[in-house]
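# Working through the structure, step by step
For reference, the chains in residue letters:
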Amino acid sequence: MTDLTTNPAARAGAPAADDQWWRSAVVYQIYPRSFADSDGDGVGDLRGIIQHLDHLQELGVDVVWLSPVYASPQDDNGYDISDYRAIDPAYGTLEDFDELLADLHARGMKLVMDLVVNHTSDEHPWFVESASSVDSPKRDWYWWRKPRAGFAAGAPGAEPNNWGSFFSGPAWHYDEVSGEYYLHLFSRKQPDLNWENPEVRDAVYDMMNWWLDRGVDGFRMDVINLISKVAGLPDAEVPPGAVHGDGFPFYAQGPRIHEFLQEMHERVFAGRTGDYLTVGEMPGVTVEHARLFTDPARREVDMVFQFEHVGLDHGAGGKFDPGAASPRDVKASLGRWQEGLAETGWNSLYWNNHDQPRVVSRFGDDRPEHRVASAKALATVLHLMRGTPYVYQGEELGMTNMPFASIDDFRDIESLNHYAVAVAAQGQAPEAVLAALRVMSRDNARTPVQWSDGPAAGFTTGTPWIAVNPNAALINAAAQREDPGSVFAHYRALIALRHSERVVSHGSFELLLPEHPTVFAYTRTLGDRQLLVIANLSGERAVYDLPDAAGWREAEPVLGNLGGRLPRVDGRCEPWEAQVFLQEVTG
Ligand code: TEU
């Protein structure tokens, strides 16, 4: 692999930072299943999206990232793809897709597709062919291995290595037909593609080019840092209390990852002139690696989704052993990423997506007295950092976690598998497992978007595939779009500020008050323009001592989150208060 960081010729060819349009853009993620249903079957669809484009335009976002709409058996809600060039009939047709793309473009918005190529569905023709015989020409497109020596095929322990799957159980499934196992880091219906095989890579690049030729504006790349596996797939260390080995060291940022991403860039994007956006989803990525992945001179991806801040409330036993993240930990983590990618690389900024619990319930306070203010405060600190902010559907309304009553209310494979294994196999108390799921389940993010206070929150005229949150009468788009004090109005103001103030999109970042237990404060600076953000991430009043408070007394208050109270730099914050100031720096 050539190291482009030290190659001045390669650097010289890199676009200047200011030329990259996505530095001042805001992305909105649509999870189609839960966004809007146009035909009453209870499942969201493309026409449902087309019908709600006014909402996105009013919000002011620049880009839509569409979670998978490809043909899929829906084992993992579309992250198991059986045809990369077809739309799942539940979501519509290619014609509907083209119409959505044209409508977005006509409104000045871009569309980024989800690219899921660490794995396919086991119903994808590639895998069907691969599984058909050990001699199949596509056998090597996936990771097939013989049972472990000394074990009876199919018996526990006979798996080729001890890695666990993200969705509970071993990362291997035994195929009786050929007497071999295949690797699946996610569900057993999501076999991992073998990126070592150049034919696999060719097929992926062809498919990406096909979508770009159709007019899409880029890709969000699912678990893209997991595509290169260490040769030999060695056994991994088993963490204390765990059943399976943690294979991360052998597949996260694997040996050929940078090579693969550079090759992809070369084969897909290099010859094109469009304004594209690429963002790599990368569980477990470090700041150092992210700098390499996002250094424009290296031509890999524009930005990555890192997971550090959304792992702060995971306990020793992982995500379903939740603890609490302190505001101090949250700002320290985000601040470190701001600093780490200050000179080289670029951050993506997110609280929410379809895999994470709702931020107002997680790092905010969703009880009536604090719900609106805390949703706005969290939005403020996120959106005014340096990076590209992502808004997940419903976040702009302050949608909350769901009060799931029983395991029957869940739909997500990760949640259901976890419950089955924890309760049936490990004998954990069902109530305790349920309590953890209530807090951490991905289904919290997947309840239908609350459009109105009508039946099924205006999501569908039928029966929704997953229940609507009972708070829809209180929290919904129709009410908020009319209300200048709404969470929606606040998101709108933050997005507008990024578009109008270059200091927000391009300024440098400095964390203030790093030791303060609840106040998240920072400045952004560009030339002589400076922005100050102060937010109290707590339901208690706070006092703070800003290093240069006197210098800010005359600053222009730009945004607050408590109706009626004008922001002032006076050393005091109300519960969940967020304040934003701008000034010209002189001298
Ligand atoms: O997620 C990958 C991932 O690492 C996690 O966020 C995952 O959702 C899980 O919660 C780990 O505990 C991506 C997609 O975003 C997710 O929806 C898919 O299920 C997964 O990849 C497989 O494609």
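Everything numeric in this text was worked out from a predicted model, so none of it was measured.

Reading the values: rules and limits
- Residues numbered from 1 in each chain as written.
- Predicted model: local features only at pLDDT ≥ 70, side-chain atom pairs only at ≥ 80, totals over all residues.
- Heavy atoms only, no water.
- Helix = DSSP H or I, 4+ residues; strand = E, 2+ residues; numbered from the N terminus.
- Expected span 1.5 Å × (residues − 1).
- Contact = heavy atoms within 4.5 Å.
- Buried < 20%, exposed > 50% of the residue type's maximum accessible area, 1.4 Å probe, protein only.
- Pairing = 2+ DSSP bridges.
- 1 Å grid on protein atoms, 1.4 Å probe; cavity = no way out; pocket = protein on both sides within 12 Å on 5 of 7 lines; lining within 4 Å.
- Points joined across faces, edges and corners; volume = space filled by probe spheres on them.
- Nonpolar A, V, L, I, M, F, W, Y, C, P; charged D, E, K, R; others polar.
- Near = heavy atom within 4 Å.
- Polar contact = N/O pair within 3.5 Å; in protein donor to acceptor, adjacent residues only side chain to side chain.
- Areas by Shrake-Rupley, 256 points an atom, 1.4 Å probe, with all protein chains shown as cover.
- Domains from an automatic or database assignment.
- Axes fitted to C-alpha atoms, helices over the stretch in contact; angles between N-to-C directions.
- Parallel < 35°, antiparallel > 145°, perpendicular 65-115°, else oblique.
- Left-handed = near helix turned anticlockwise from the far one by under 90°.

## Points about helix α9 (residues 257-269)
An α-helical turn contains 3.6 residues, so a residue and the one three or four places further along point in the same direction. If you check α9, its first and last C-alpha atoms are 17 Å apart, about what 13 residues at 1.5 Å a residue would give, namely 18 Å. At its buried positions, α9 is contacted by β5 (110-115), α7 (198-214), β9 (218-221), β10 (277-281) and α10 (287-294).

## Here's the deal with the pairing of strand β8 (residues 180-183)
Where burial is concerned, the two faces of β8 agree: the one with E180 and Y182 and the one with Y181 and L183 are both buried. In this sheet, β8 lies alongside strand β7 (residues 172-175) in antiparallel orientation, the contact comprising four bridges. From the neighbouring strand, D175 faces β8, where its bridge partner is E180. Turn length for the β7-β8 hairpin, with the two strands adjacent in sequence and antiparallel, is four residues, and the turn residue G179 shows positive phi of about 70 degrees.

## Focus: the pairing of strand β13 (residues 318-322)
Successive side chains on a regular strand alternate, one facing one side of the sheet and the next facing the other. Where strand β12 (residues 314-315) lies against β13, two bridges are found, and the strand directions are antiparallel. Opposite H314, over in β13, you have P322 as the bridge partner. Hairpin remark: β12 followed by β13, antiparallel, with two residues in the connecting loop.

## Quick notes on empty space enclosed by the protein
Inspection of every chain in the model, using the stated rule, returns two cavities of 30 Å³ or more. Residue assignment for the lining of the largest cavity shows that the elements contributing at least two residues are α11 (327-340) and β14 (348-349). Residue contributions to the lining of the largest cavity peak at three residues, all from α11. Broken down by class, the residue content of the lining of the largest cavity amounts to six nonpolar, five polar and no charged. Of the pockets and cavities examined, the second largest cavity occupies roughly 30 Å³. Along the walls of the second largest cavity sit N352, R358, V359, V360, A375, E395, G398, M399 and Y491, which together make up its complete lining. Partitioned by chemical class, the residues of the lining of the second largest cavity number five nonpolar, two polar and two charged.

## A closer look at the site of the ligand
Residues in contact with the ligand amount to 19 residues; listed here are only the nearest, D76, D222, D355, E414 and R442. Between K319 and the ligand, the recorded distance is 2.9 Å, taken from a side-chain N or O atom to an oxygen atom. The fraction of the free accessible surface of the ligand (480 Å²) that becomes covered by protein chains is 94%. Looking at the shell around the ligand residue by residue, the class counts come to seven nonpolar, three polar and nine charged.

## Side note on the domain arrangement of the chain
Size of an interface: often given as the accessible area lost when the parts come together. The domain boundaries assigned to the chain delineate domain 1 (121-192), domain 2 (405-440) and domain 3 (507-584). Just the C-alpha atoms count here: the centres of domain 1 and domain 3 sit 54 Å apart.

## Topic: the side chain of H309
Note on placement: H309 falls in the loop between β11 (303-305) and β12. For H309, a relative accessible area of 2% corresponds to the buried category. In this structure H309 touches S333, L334, Y350, W351 and F363, once residues within four positions along its chain are discounted.

## What about the packing of helix α13 (residues 371-383) against helix α17 (residues 487-500)?
In contact at an axis separation of 10 Å, α13 and α17 are set at 15 degrees when each is read in the N-to-C sense. By the angle between their directions, the pair α13 and α17 is classed as roughly parallel. Where α13 crosses over α17, the two elements pack in a sense that is right-handed. Facing α13, whose interface residues are V372, A375, K376, A379, T380 and H383, α17 presents V487, H490, Y491, L494, I495 and R498. Split by residue class, the contact of α13 with α17 holds seven nonpolar, three polar and two charged.

## Structural notes on the side chain of D365
Of note, D365 is situated in the loop between α12 (359-362) and α13. Sequence-distant contacts of D365, that is, excluding residues within four places in its chain, are made with V360, H370, R371, S374 and W576.

## A short note on the sheet that holds strand β22 (residues 578-584)
The strand order across the open sheet built from five strands is β16-β17-β18-β22-β20, with neighbouring strands paired in antiparallel fashion. In this open sheet, the two strands that pair with only one neighbour each are β16 (508-512) and β20 (556-560). Direction aside, the axes of adjacent strands within the sheet are offset by 20 degrees on average. Both β16 and strand β17 (residues 519-526) contribute to a ladder of five bridges, which runs antiparallel. Residue E510 lies in a different strand from β17, and its bridge partner there is T523.

## Things to note about the sheet that holds β7
Judged by pairing direction, the sheet is antiparallel, and its three strands sit side by side in the order β6-β8-β7 without closing on themselves. Edge strands, defined here as strands with exactly one partner in the open sheet, are β6 (144-145) and β7. As paired strands, β6 and β8 are joined by two bridges and run antiparallel to one another. Pairing of R145 across the sheet is with Y181, part of β8.

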